[in-house]
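Chain residues, written in single-letter form:
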Amino acid sequence: EKAQSTWDKFRKERDFHRLHHKRVVQEKNKLIGEIKRIKKHYSAFEPMIKQLRQKYEHAMKEKMLMNIDRNKFATRNEALENKIRVLEELQGDSLAPKVALESGASEGARAKGGAKAAKSRGSRAGAKRLAGQQAGGKPAAPRTPGIPEIDPINPYLNETFERPTVQNMETLKTFEGHVNAISAIAYHPRKQVVATASDDHTWKLWSVPNGDLIMSGEGHQDWVASVDFDPRGTHLLSSAGDGTVKLWDFGKAQCTATLTDHAQPVWGVAWHYSSKFFASCSMDHTARLWDVERLKVRQTFRGHVDSVNAVRFQPYSSNVCTASGDKTVSMWDSRSGLCVQTFFGHNNACNSLSINLKGDVIASCDADGVVKLWDVRMVKELFTLDGGSHALNDVCFDRSGTVVAAASDDGTIKMFDAVGGQPLSQLRGHEDAVQAVAFDPNANFFVSAASDRTFRVWKL
C-alpha cells in the first residue's frame, strides 16, 4: 500500500509537470510568433527610418548653412547701415562750409579761402571715417577690437623637420598620477613638463621623463576636461564639467580667474598665439573667445547644432577651429565671429581635432574610430584613416606634420602616415581607454594618458 501511494504521488507530479511543460511550450511558441511578427513589422519601417535619418542629417546641414548665411547677412546689413550713417555725416560736413562760402562771398577772398579750407578739413575727416568702414569698396564685418588685423608670418611654413620613427617606440616609464581617469594632457611649449587633467577634479604638472610632481591645482567642482599652456609658458587654462574655465598663474601659484559664462560643461580650451586671448568650447553648442586682460567674452561662435567637443587655433593665426557632436569640423574668423569653412564627412560625433604646425592640414577623429585629414586651403578631404571599431578620443600631429597619433577606446594608440594615408603602428600598454596623446615639441618624447589613471612616456 505504501508503494502504491508513492507511485500515485509520483504519477500526479509527473502529470503536473507535463501540463506545465505544455503551457511553457505554448507560451514559447506564442512569443516566437510575436517576435517574428514584430521583426516583419520593423523591416517594413526600416527603409522609412533610414530615409528619415537621411532627411534629418540633410536638414541639420541646411540649418547650419542657414545660420551661417543669416549671420553673414546680419553683419553685412550692419556694415551698410554704418556706411550710410558715415555718408550722411560726410554730406553734412560738406554742406556746412558750402553755405558759409555762399553767405560770405561779399566779405572777400580771405573769407572764401577760409571756407574752402573748412570744406577740405570736413572732407578729409569724413573720408577717414568712411575708410574705417570699408575696404576695397566693400562693407567690412565688425571686428573684435584687440585682435591683430594682420597675423604674423608662420615661422614653420618653410621649416622641415625629420619624421619620427614610431614603429619602434618603447615605454620609458609609467606613472599613476591621479586617483581617477586622466582625461587630458598638454605639453609645455618650452620645458620638458606636461600637465595632466583628471576626473578627480584636479590637474597636475610633471617633469618629463622622470615624472616628478611639480605642482597641482584644485578648485573645480567636477571632472577636469582640458588643460592648455599659454605660448609663454607662464599660465595654464583648465576647463571642467562644472561649466567653468579657470586661469592659473604659475608665478603666483594660484587661480587668478574663474569664468562662468558657459551654461554647460566646458570640453576644451586653447590659447591664441599672442597670449592675450583664448578660446573655449562647451556642451552648450557654442565656442567663445575670451579677452585675458578684461576676462570677458569678446566673441561667441554659434552655428553648431550639438556639443562642441574640441577647439584649436590655427598656428600663428586668429582662425578658430572646432569639432562638434553634429559630425562637422568648422573654422571661424575670430575677428568677425563668422564661420569661414565647414568640413562635412564624419558619420558620427567628432571628439577631437589637431592642426599641423604649418596650419594647412586638420586631423579630426570621431566615435566610429575614423580619422580624417582635411586640406584647409582647398577645403576638401585628403584621407580617411581607419582606426578600428572603437571610438577615438584624441588626435595630434608630430612637429613634422607627417605622423598622426590617435587615442583609442580599446587601450591602444594608432599611428598613421599623414602624407600617404597609411597605418604605421600601434602602441600597447594601457589597461583601459586611452583619452589623450601629445608629442614633445622638441621631438624627444611622446606622452599618452588613459582611464587606467596612468600616463606613459614613450621614447621617440
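See the structure above.
How each quantity is defined
Residues numbered from 1 in each chain as written. Predicted model: local features only at pLDDT ≥ 70, side-chain atom pairs only at ≥ 80, totals over all residues. Heavy atoms only, no water. Helix = DSSP H or I, 4+ residues; strand = E, 2+ residues; numbered from the N terminus. Contact = heavy atoms within 4.5 Å. Pairing = 2+ DSSP bridges. Axes fitted to C-alpha atoms, helices over the stretch in contact; angles between N-to-C directions. Salt bridge = Lys/Arg side-chain N within 4 Å of Asp/Glu carboxyl O. Buried < 20%, exposed > 50% of the residue type's maximum accessible area, 1.4 Å probe, protein only. Patch = residues over 30% accessible without salt bridge, like charges linked within 9 Å, V, L, I, M, F, W, Y side chains within 5 Å. Areas by Shrake-Rupley, 256 points an atom, 1.4 Å probe, with all protein chains shown as cover. Phe/Tyr/Trp six-rings, centres within 6.5 Å; stacked < 30°, edge-to-face > 60°. Core = buried A, V, L, I, M, F, W, Y, C linked by side-chain atoms within 4.5 Å. Disulfide = S-S within 2.5 Å.

S.K.: Even after reading the chapter, I still don't get the environment of Lys-380, so can you show me in this structure?
M.R.: Within the secondary structure, Lys-380 sits in strand E23 (residues 380–386). Distance in space between the C-alpha atoms of Lys-380 and Gly-345 is 9.6 Å, their sequence separation being 35 residues. Lys-380 has contacts with Phe-343, Leu-373, Trp-374 and Asp-375, leaving out every residue within four places of it along the chain.

S.K.: Even after reading the chapter, I still don't get the sheet that holds strand E22 (residues 370–375), so can you show me in this structure?
M.R.: Backbone-to-backbone hydrogen bonds pair the strands of a sheet. The strands run either parallel or antiparallel. In space, the four strands of this open sheet follow the order E20-E21-E22-E23, with antiparallel pairing throughout. The open sheet terminates on both sides in strands that have one partner only, identified here as strand E20 (350–355) and E23. If you compare each strand with its neighbour and ignore which way they point, the axes differ by 20 degrees on average. In this structure, E20 lies alongside strand E21 (residues 361–366), joined through five bridges in antiparallel fashion. Among the inter-strand pairings, Leu-353 is bridged to a residue of E21, identified as Ser-364.

S.K.: Is there a simple way to explain the pattern of salt bridges in this structure?
M.R.: Side-chain pairs of opposite charge can arise whenever the charged atoms involved come near each other. Taken as a whole and assessed by the stated rule, the structure comprises 13 salt bridges. The salt bridge partner of Asp-15 is Arg-14, with a shortest N-O separation of 3.3 Å. Under the relative-accessibility criterion, Arg-14 is labelled partly exposed at 37%. Salt-bridge contacts for Arg-288 lead to Asp-284; the nearest nitrogen and oxygen are separated by 4.0 Å. Judged by its relative accessible area of 15%, Asp-284 is buried. Sharing partners across several salt bridges, the network here consists of Asp-151, Asp-333 and Arg-335.

S.K.: What am I meant to see in unusual backbone geometry here?
M.R.: Both trends apply: most residues other than glycine have a negative phi, and most peptide bonds are in trans. Of the consecutive residues Val-208 and Pro-209, the connecting peptide bond is found in the cis state with omega at 10 degrees. With respect to the helices, strands and loops of the structure, Pro-209 is situated in the loop between strand E6 (202–207) and strand E7 (213–218). The backbone phi angle of Leu-295 is positive, close to 55 degrees, even though this residue is not glycine. Following the sequence through the fold, Leu-295 ends up in the loop between strand E14 (286–291) and strand E15 (296–302). Even without being a glycine, Val-379 presents a positive backbone phi close to 50 degrees. In this fold, Val-379 is placed in the loop between E22 and E23.

S.K.: Can you walk me through a nonpolar patch on the surface in this structure?
M.R.: There is a patch of nonpolar side chains on the surface, built from Tyr-42, Phe-45, Met-48, Ile-49 and Leu-52 and spanning about 480 Å² of accessible area. Residue classification places Met-48 among the partly exposed positions, given a relative accessible area of 44%.

S.K.: Just to check I follow, could you spell out the packing of aromatic side chains for this structure?
M.R.: A ring pair, where both rings are aromatic, is described by two values, the distance of the centres and the angle of the planes. Per the stated rule, a full pass over the model turns up 13 aromatic pairs. Their ring planes at 75 degrees and their centres at 5.2 Å tell us that Trp-203 and Trp-248 sit as a pair that is edge-to-face. Here Trp-203 is found in strand E6, whereas its partner Trp-248 is found in strand E10 (residues 245–249), with 45 residues between them in sequence. Looking at Trp-248, the relative accessible area reads 7%, which means it is buried. Ring geometry for Phe-439 versus Phe-446: centroids 4.8 Å apart, planes at 55 degrees, classification tilted.

S.K.: Looking at this model, I keep getting lost on the pairing of strand E4 (residues 182–187). Mind explaining?
M.R.: Across a regular strand the side chains alternate sides, sitting on one face of the sheet and then on the other. Most of E4 is tucked away, with six of its six residues classed as buried. The pairing of E4 with strand E5 (residues 193–198) spans five bridges and is classified as antiparallel. Counterpart to Ala-184 in the pairing with E5 is Ala-197.

S.K.: Teacher, can you tell me more about the nonpolar core here?
M.R.: Grouped burial of nonpolar side chains is what soluble globular proteins tend to show. Among the nonpolar cores identified, the biggest contains 16 residues, and Leu-289, Phe-301, Val-311, Phe-313 and Val-320 are the most heavily contacted of them. Mapped onto this core, the elements with two or more residues apiece are helix H1 (2–103), strand E13 (277–282), E14 and strand E16 (308–313). The residues touching Val-320, leaving out its near neighbours within four places in the chain, are Ala-279, Phe-301, Val-311, Arg-312, Phe-313, Ser-330, Met-331, Trp-332 and Ser-334.

S.K.: Before we go on, may I ask you to explain the sheet that holds strand E9 (residues 235–240) in this structure?
M.R.: Spatially, four strands are ordered E8-E9-E10-E11 in an open sheet, and the strand pairing comes out antiparallel. Only two strands of the sheet have a single partner each, and these edge strands are strand E8 (224–229) and strand E11 (254–259). Between one strand axis and the next, the sheet turns through 20 degrees on average, direction left out of account. Where E8 lies against E9, five bridges are found, and the strand directions are antiparallel. Looking at the pairing, Val-224 lines up with Ala-240 of E9.

S.K.: Got a minute to help me understand the state of the cysteines in this structure?
M.R.: Every disulfide links exactly two cysteines, by a covalent bond between their sulfur atoms. Scanning the model with the defined rule gives zero disulfides in all. The closest cysteine sulfur to the non-disulfide-bonded Cys-365 is located on Cys-350, 8.0 Å from its own sulfur. Here Cys-365 falls in the buried class, since its relative accessible area comes to 0%.

S.K.: Looking at this model, I keep getting lost on the pairing of E6. Mind explaining?
M.R.: Taking burial as the measure, the six residues of E6 include six buried ones, the bulk of the element. On E6, burial covers both faces: Thr-202, Lys-204 and Trp-206 on one face and Trp-203, Leu-205 and Ser-207 on the other are all buried. Relative to E6, E5 runs antiparallel, the two being bridged by five bridges. If you follow Ala-195 over to E6, its bridge partner there is Leu-205. Connecting E5 to the antiparallel partner E6 that follows it, the hairpin turn spans three residues, and His-201 within it adopts a positive phi of roughly 75 degrees. Pairing of E6 with E7 involves five bridges; the strand directions are antiparallel. Opposite Trp-206, over in E7, you have Leu-213 as the bridge partner. As consecutive antiparallel partners, E6 and E7 are separated by five residues, and within that stretch Gly-211 has a phi angle of approximately 75 degrees, a positive value.

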